[in-house]
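Per-entry structural report
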Amino acid sequence: MFEAQHHAVLDFLRERELLDPEQLAATEEEHAATGRTAAEVALDHGWIEPAAMLAALARHLGCELAADLPSNLPGDAVALLPGNLARMYGVAPLRYDAAGIDVLAVDPFNARVVEDLTFALGRDVRMVVAAPERIEALIKQHYGEDDATLEELIADIDEIETEGEDAALSTHELEAIAGQAPIVRFVNLVLAQAIKDNASDVHFEPFESDYKIRYRVDGALYEMAPPPRHLALPIASRIKVLANLNIAERRVPQDGRIKITLGGRPVDLRVSTLPTQFGESVVLRVLDQSAVRLDLEQLRLPATIERGIRDTLRRPNGIFIVTGPTGSGKTTTLYSALKELNDTERKLLTAEDPVEYEIEGVMQVPINPGIGLSFARALRTFLRQDPDVIMIGEIRDLETAQIAIQASLTGHLVLATLHTNDAPGAITRLIDMGVEPYLISASLEAVLAQRLVRCVCADCRESYPPDDALLEELGLTRAELAKRSFFRGRGCSRCHGTGYRGRHGLFEWLPVNEPLREQVARGVASFDLRDRAIADGMVPLRQAGIAAILDGVTSAEEVLQYT
């Protein structure tokens, strides 16, 4: 079961009160430590019987329950559902009639299954709930497994003849190349493998003599088996076809999106192409909203910081800034804040480049500089749309900053991101842009700086005594260590030999109180603001990292790299 299913099942167990609060908390804790899903944990502990869970699930979703499944599926029903669709969506046909077809779904929470199959089959599709392991067995029994490895597919596609990168191929010819079965299977397998490994990005990179495919997991890049160099064009064209991009245009960058289902899991991919010296580089960002918990409670913030954020969000106006490098989780934090504010009494508007996750009830505007829709122009229009809360994807220039401050001073709550190294640096950055210090002092309510570090794998974790050089680099003494050990991962199959699995947030919280406002208004230097904030109780990112090391959550190397 995937991460998205874990969260869906956990919500279902909570809403139906099938587990008590202590069991729910234990389930979340065990999932975080081992990666096992809510269903696996609850069933293994005997907190709920499998039959009872399936029956409650069927009632919850308003679906039929198939308690007893046949050993063989009806041949005529199997003939209606092609094997590629059965494997892709994780479904098996149970029966069909004049009204439609009943399908057993491995992931009944995936609403896209019914929508996509209804369109693909041209008939109504009805979801049926049954034991997932029995459904998977029926799919394998009747449709087999598309278990080809990347190496086997590479051997197949190596024989495909293509023109050189500079060939002036027509759109029709490029579509024909991109539509060849081995290319289609290869791209699907690369995406499925990357998503299975919880990759956040997939990179297709052409070089002079080779073609690399890499994917990013927990912030680190890993290389996959490389296909032959001459297949760069067919693979890039296939991705551009999926993203509805102009496949004949290889001279300028293009951006698009792909919405597909792989292994029964709906996946949204953001696509970016970049012309390079040796062909087009293509990067896919995996945007799996169902696997991201847009909830402040799920961010695992320290209790004092979570309370501080909630207090800030309850204010009628002001600016709340989240800062950090690319990939530090700023967007997830802001979206979680938006969800906290999202109710019928408030109007929420966002300006984003691009819109990453779609939130019901929030008006989201994608920035498009190519047609003149900049952050500043969107914000000026927002002020005429009677909003209560405005989110700015990023404050990039003085004009955007000035409008954000104007909005906050005229009774709006503004959420925004900046790229700075720490929380006090956000104030200095605004001043460097040209914002008057007194305006920052009057409008800024709080700054949250954050980083994401990799967690030491719980399955292969081992302790070790740190040496003096490492302690000195961290600014720790033996006395402060108090005989506690550091932890690292040896490397195992669960973490693919890396010693890390999952990520953990480090946070630095800077509420703007009155003494700090006075210093900001006077234009005090960043390091003085930092000293003032620490004296008022701010815990620096490095100190948060050291606490995570001593708790056995992450390694010293990760903290030194990211703080």
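Residues numbered from 1 in each chain as written. Predicted model: local features only at pLDDT ≥ 70, side-chain atom pairs only at ≥ 80, totals over all residues. Heavy atoms only, no water.

Here's the deal with empty space enclosed by the protein
Put simply, the test is: Throughout, the protein atoms alone are placed on a 1 Å grid, and a set of points is a cavity if a 1.4 Å probe fits but cannot get out or a pocket if it is open with protein on both sides within 12 Å along at least five of seven lines; lining residues have an atom within 4 Å of a point. Grid points are joined across faces, edges and corners, and a volume is the space filled by probe spheres set on the points. A run of H or I in DSSP counts as a helix once it spans at least four residues, and a run of E counts as a strand once it spans at least two, with each numbered from the N terminus. Gly falls in the polar group here, along with every residue not listed as nonpolar (Ala, Val, Leu, Ile, Met, Phe, Trp, Tyr, Cys, Pro) or charged (Asp, Glu, Lys, Arg).
For the coordinates displayed, the defined rule picks out two cavities of 30 Å³ or more. Its volume calculated, the largest cavity comes out at about 50 Å³. Lining the largest cavity we find Ile319, Ile321, Ile395, Ala401, Ala404, Ile405, Leu430, Ile440, Ser443 and Leu444. Top element by residues in the lining of the largest cavity is helix α16 (residues 398-409). It accounts for three residues. Looking at the lining of the largest cavity, its residues break down into nine nonpolar, one polar and no charged.

Thoughts on the sheet that holds strand β2 (residues 91-97)
We apply this condition: When DSSP finds two or more bridges between two strands, those strands count as paired.
Strand order in the open sheet formed by four strands is β1-β4-β3-β2, with mixed pairing between adjacent strands. The open sheet has two edge strands with one neighbour each: β1 (64-65) and β2. Where strand β3 (residues 100-105) lies against strand β4 (residues 125-129), four bridges are found, and the strand directions are parallel. Across the sheet, the residue bridging to Val103 is Met127, located in β4.

Digging into the packing of aromatic side chains
As a reminder, the rule being used: Centre distance within 6.5 Å is the pairing criterion for rings of Phe, Tyr and Trp, where only the six-membered ring of Trp is used; planes under 30 degrees apart are then read as stacked, over 60 as edge-to-face, and the remainder as tilted. Burial here depends on accessible area, computed with a 1.4 Å probe over protein chains only, as a share of the maximum for the residue type. Under 20% is buried, over 50% is exposed, and the range in between is partly exposed. Criterion for a charge above a ring: Arg CZ or Lys NZ at most 6 Å from the ring centre, at most 35 degrees from the ring normal.
Counted under the stated rule, the structure contains three aromatic pairs. With 6.4 Å between their ring centres and 55 degrees between their planes, Phe12 and Phe109 make a pair best called tilted. A residue pair is termed long-range when its members are at least 10 positions apart, and Phe12 in helix α1 (residues 3-15) and Phe109 in the loop between β3 and α7 (112-121) qualify at 97 residues. Ring centres 6.2 Å apart and planes at 85 degrees place the aromatic pair Tyr464 and Phe486 in the edge-to-face group. In this pair, Tyr464 sits in strand β17 (residues 461-464) while Phe486 sits in strand β18 (residues 486-489), placing the two residues 22 residues apart along the sequence. Among the residues examined, Tyr464 registers a relative accessible area of 9% and is labelled buried. Positioned above the aromatic ring of Phe207 is the side chain of Lys212, whose terminal nitrogen or guanidinium carbon lies 5.3 Å from the ring centre. Taking NZ or CZ as reference, Arg461 lies 4.3 Å from the ring centre of Phe487, over its face.

Remarks on the pairing of strand β14 (residues 389-392)
Which entries qualify depends on this criterion: Place the viewer so that the strands point away; then a crossover is right-handed whenever the path from the first strand over the helix to the second strand goes clockwise.
Of the two faces of β14, the one holding Val389 and Met391 and the one holding Ile390 and Ile392 are both buried throughout. Here strand β12 (residues 348-352) runs beside β14; their pairing, made up of four bridges, is parallel. Along β14, the bridge assignment pairs Ala351 with Ile392. In terms of handedness, the path from β14 via α16 over to strand β15 (residues 413-418) forms a crossover that is right-handed.

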